[in-house]
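# Chains, contacts and geometry: an overview
One letter stands for each residue in the lines below.
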Amino acid sequence: MDKTKILFVCLGNICRSPSAEAIFLKMIEDKGIAENFIIDSAGTSGWHNGDQADRRMQKHAVRRGYDLQSLSRKFYADSDFEDFDYIIGMDDQNIIDLRSQAKNENEYSKISKMTDYCINYSQWDEVPDPYFGGDKGFELVLDILEDACEGLINTIQK
Ligand code: 4NP
């Protein structure tokens, strides 16, 4: 069976998308289906290239059992559209930035927004940027991402 390849994308790749990556990875490991997937994350900006995840995001994630291991990297349209089946942005600006780099209909069709997969948090139409906020913002990011990751797995398994 072909692996499903998923790239989670936000602005800095130090808060939301590395958390989405870690949550999704733990869920597929817990379900015993990890070998069916290749997952990664990236940022549209490249501002934090090579950096570990934001310490505040790590602190909140570790409390829920998620290990944010990935280092920040920029989204590269040339290879990422080819290498991934799902390219999932966290907010509307991420979607605008990704769509502007798609070279054809096939690449464009791979782009979706994380909240499209929400089950219980469907009132949210973006994963809000927690960078300039406080503890509540980081907890909300994790709440939305846990819900959306469950929905994403359901969508892929249909
Ligand atoms: P992220 O959060 O896109 O969820 O990784 C941000 C990280 C850094 C900045 C903004 C948002 N920044 O302005 O440096």
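Anyway, here's the lowdown on the structure attached to this text.

## Looking at the environment of Leu142
Positionally, Leu142 belongs in helix H6 (residues 135-157). For Leu142, a relative accessible area of 0% puts it in the buried group. The sequence separation of Leu142 and Ser19 amounts to 123 residues, and the corresponding C-alpha distance is 7.3 Å. Beyond its immediate sequence surroundings of up to four residues, Leu142 is in contact with Ser19, Ile23, Met57, His60, Ala61 and Arg64.

## Topic: the packing of helix H1 (residues 16-30) against H6
Here H1 crosses H6 at 50°, and the two axes come no closer than 9 Å. In terms of orientation, H1 and H6 fall into the oblique class. At the point where H1 passes H6, the crossing takes the right-handed sense. Contacts between H1 and H6 involve Arg16, Ser19, Ala20, Ile23, Phe24, Met27 and Ile28 from the former and Val141, Leu142, Leu145, Glu146, Cys149, Glu150, Leu152, Ile153 and Ile156 from the latter. Here the residues of the contact of H1 with H6 sort into twelve nonpolar, one polar and three charged.

Criteria and cut-off values
- Residues numbered from 1 in each chain as written.
- Predicted model: local features only at pLDDT ≥ 70, side-chain atom pairs only at ≥ 80, totals over all residues.
- Heavy atoms only, no water.
- Helix = DSSP H or I, 4+ residues; strand = E, 2+ residues; numbered from the N terminus.
- Buried < 20%, exposed > 50% of the residue type's maximum accessible area, 1.4 Å probe, protein only.
- Contact = heavy atoms within 4.5 Å.
- Axes fitted to C-alpha atoms, helices over the stretch in contact; angles between N-to-C directions.
- Parallel < 35°, antiparallel > 145°, perpendicular 65-115°, else oblique.
- Left-handed = near helix turned anticlockwise from the far one by under 90°.
- Nonpolar A, V, L, I, M, F, W, Y, C, P; charged D, E, K, R; others polar.

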